[in-house]
Structures are given as C-alpha cells and as structure tokens.
Amino acid sequence: MRIDIITVLPELLKSPFEASILKRAIEADLVSVHFHNLRDYTSDRYKSVDDTQFGGGAGMVMMIEPIDKCISKLQSERSYDEIIYMTPDGETLKQGIANQLSLKENIIILCGHYKGVDQRVRDKFITKEISIGDYVLSGGELGAAVLCDAVIRLIPGVLGNETSALTDSFQDNLLAPPIYTKPREYKGLKVPEVLFSGNFPKIEKWREEQAYLRTKERRPDLLED
Ligand code: ADE
C-alpha cells in the first residue's frame, strides 16, 4: 500500500511514522508513506496556499490551484483508489472504514487547514471525506495520523500476531473483553478463575459475554447497528 499525504505542515506528521508499529511496517515495505508540502506547488513568491473567502466571513480558505497541481502530479504517476479529505464535517471514522481502506493500493490524504478548502476541490477531486470525531482540530494532520495508524495496523503482516487485529474492539461491533496478565493476584486483586480453567470453549464463552456486557454498558449504540 502507498499513502500520499498532502499537507502544509509535514513536520507535524512525521513522528508517528518514525516509531513502533508504523515504522516497522514501513521498514518491512508493507506500506510506504510520502509527504507532499503544498507550498512546493505554489506559484507566488510568498508561497501562499490560502486566501480570504468570497462573500466575506472570518477565516482563510485553502486555494484550489496548489492542491490541483499536487494531486494532478500524483495522478499522472499512478492511479489512486481514494482521495480522502480530512475534515470535521466528513463521515466519522469507524473501524469499518479502516478495514476497507486497508485493502486499497494507493490513497491520497489531503489535510485541511484554516477554514478548510475551496468547495471546488471537494467537488472535483475528493472521493471520501473523513472526520475523526465531533471536535475541531487546528488542521487535518493529526486526523490523518490517526487514520493512517488505524489503517496500517490492519495490513496483513503488520501485526506480529495475525489474529490480533480480528479480536480488537469494534471488529464485531463489540468492545473487547477485559484482559489480564501476571501476577495472578496483586495486592488482593484477583484474575477471574475461569481464565485458569484450561477449558477454552468456556473461556471463549466468558469473553463473549464480557464483551457483550461491556458494550451494553458503555456503548449501547453499537448493539443497535
Ligand atoms: N480537521 C479539523 N478537525 C478535524 C476532525 N475532527 N477530523 C478530521 N480532520 C479535521
């Protein structure tokens, strides 16, 4: 998989890809991530990427020309499965979206800034608009990092234990059950007995029940879908 990220702040985005699972995925060539600074696609001496709104109103708007130049250059080199715009008014990121995107070959992620991009960018280029939650960030970069993390860890071979992504919270519209490790007892806090029973069908049943109870208590909305 190849991910091209278009941003005015590449330095804000780089560190998540330089550590841990994402770094290993890149080193193992399971994914490549490329940053494109929008200012490299500007034509004026100030390298402007934004301007005031037509019709008046507070806040600057990202102009279409540098974005067109950058996306068109990338599209001349390969075809893209999705061109995603990170924006608070997009579709809220859910596990299902991450699952779908993990199967794609090439994607572009455009990070918004200021008030956002000229609507014509969205109309002409964007195939998917994603929000990471109902709050406004100062730019799309942190959202793009969240999206990339959620997607990249699902690419086959990225996680050591191939089954572990399948048992994550949300994979069955359920939260994950409680988990425990050594010691068996800590300052009087005990691990549920069933986990030592050696009876794996029984353990599995317990985990399913716990996942259901936790979901019912914390996220009943997931059970309605
Ligand atoms: N840009 C600003 N806020 C955002 C959000 N909540 N999700 C994605 N991109 C954003």
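Placed above this text is the structure.
Read on for a plain summary of the structure. Fair warning: this is a prediction, and the values are worked out from it, not measured in the lab.

### Things to note about the overall build of the protein chain
No. 1: Each helix and strand in the protein chain was counted, giving 8 helices and 9 strands.
No. 2: Here the protein chain has a C-alpha radius of gyration of 22 Å; the compact-globule value for 225 residues is 17 Å, and the former is much larger.
No. 3: Viewed in the frame of its principal axes, the protein chain has a C-alpha envelope of about 70 × 40 × 35 Å.
No. 4: Out of the 225 residues in the protein chain, the part that is buried amounts to 39%.

### A closer look at the site of the ligand
No. 1: Every residue close to the ligand is listed here: Met86, Thr87, Pro88, Ile130, Ser131, Ile132, Gly133, Tyr135, Val136, Leu137, Gly139 and Gly140.
No. 2: The backbone of Thr87 places a nitrogen or oxygen atom 3.3 Å from a nitrogen atom of the ligand.
No. 3: Within the backbone of Tyr135, an N or O atom sits 2.8 Å from a nitrogen atom of the ligand.
No. 4: Computed on the free molecule, the ligand has an accessible area of 260 Å², of which 96% lies beneath the protein chains in the complex.
No. 5: Looking at the shell around the ligand, the elements with two or more residues in it are strand S5 (82-92) and strand S7 (128-131).
No. 6: Looking at the shell around the ligand element by element, the count peaks at 3 residues for S5.
No. 7: Here the residues of the shell around the ligand sort into 7 nonpolar, 5 polar and no charged.

### A few points about the nonpolar core
As a rule of thumb, nonpolar side chains are buried together in soluble globular proteins.
No. 1: The biggest cluster of nonpolar side chains holds 30 residues, and the ones touching the most others in it are Ile3, Ile5, Leu147 and Ile152.
No. 2: For this core, the secondary-structure elements that each account for two or more residues are strand S1 (2-7), helix H2 (20-27), S5, helix H4 (95-101), strand S6 (106-111) and helix H6 (141-152).
No. 3: Ranked by the residues each element gives to this core, the list is headed by H6, at 6 residues.
No. 4: For Leu147, the residues in contact, after removing those within four places along its chain, are Ile84, Met86, Leu93, Leu101, Ile109 and Ile130.
No. 5: With 19 residues, the next largest nonpolar core counts Leu38, Met62, Ile67 and Ile71 among its residues.

### Topic: the pattern of salt bridges
No. 1: Within this structure, the stated rule accounts for 12 salt bridges.
No. 2: Across the pair Asp4 and Arg2 runs a salt bridge, and its minimum N-O distance is 2.8 Å.
No. 3: Judged by its relative accessible area of 18%, Arg2 is buried.
No. 4: Measuring nitrogen to oxygen at the nearest pair gives 3.6 Å for the salt bridge that ties Arg78 to Glu77.

### Here's the deal with the packing of aromatic side chains
No. 1: The full count for this structure, using the stated rule, is 1 aromatic pair.
No. 2: A ring pair is formed by Phe17 and Phe35, whose centres lie 5.7 Å apart and whose planes are at 65°; its orientation type is edge-to-face. Taken together, the positions of Phe17 in the loop between helix H1 (10-14) and H2 and Phe35 in strand S2 (residues 32-37) put the pair 18 residues apart, joining distant regions of the chain.
No. 3: Residue classification places Phe17 among the buried positions, given a relative accessible area of 6%.

Conventions used here
Residues numbered from 1 in each chain as written. Predicted model: local features only at pLDDT ≥ 70, side-chain atom pairs only at ≥ 80, totals over all residues. Heavy atoms only, no water. Helix = DSSP H or I, 4+ residues; strand = E, 2+ residues; numbered from the N terminus. Rg over C-alpha atoms; globule rule 2.2 N^0.38 Å. Buried < 20%, exposed > 50% of the residue type's maximum accessible area, 1.4 Å probe, protein only. Near = heavy atom within 4 Å. Polar contact = N/O pair within 3.5 Å; in protein donor to acceptor, adjacent residues only side chain to side chain. Areas by Shrake-Rupley, 256 points an atom, 1.4 Å probe, with all protein chains shown as cover. Nonpolar A, V, L, I, M, F, W, Y, C, P; charged D, E, K, R; others polar. Core = buried A, V, L, I, M, F, W, Y, C linked by side-chain atoms within 4.5 Å. Contact = heavy atoms within 4.5 Å. Salt bridge = Lys/Arg side-chain N within 4 Å of Asp/Glu carboxyl O. Phe/Tyr/Trp six-rings, centres within 6.5 Å; stacked < 30°, edge-to-face > 60°.

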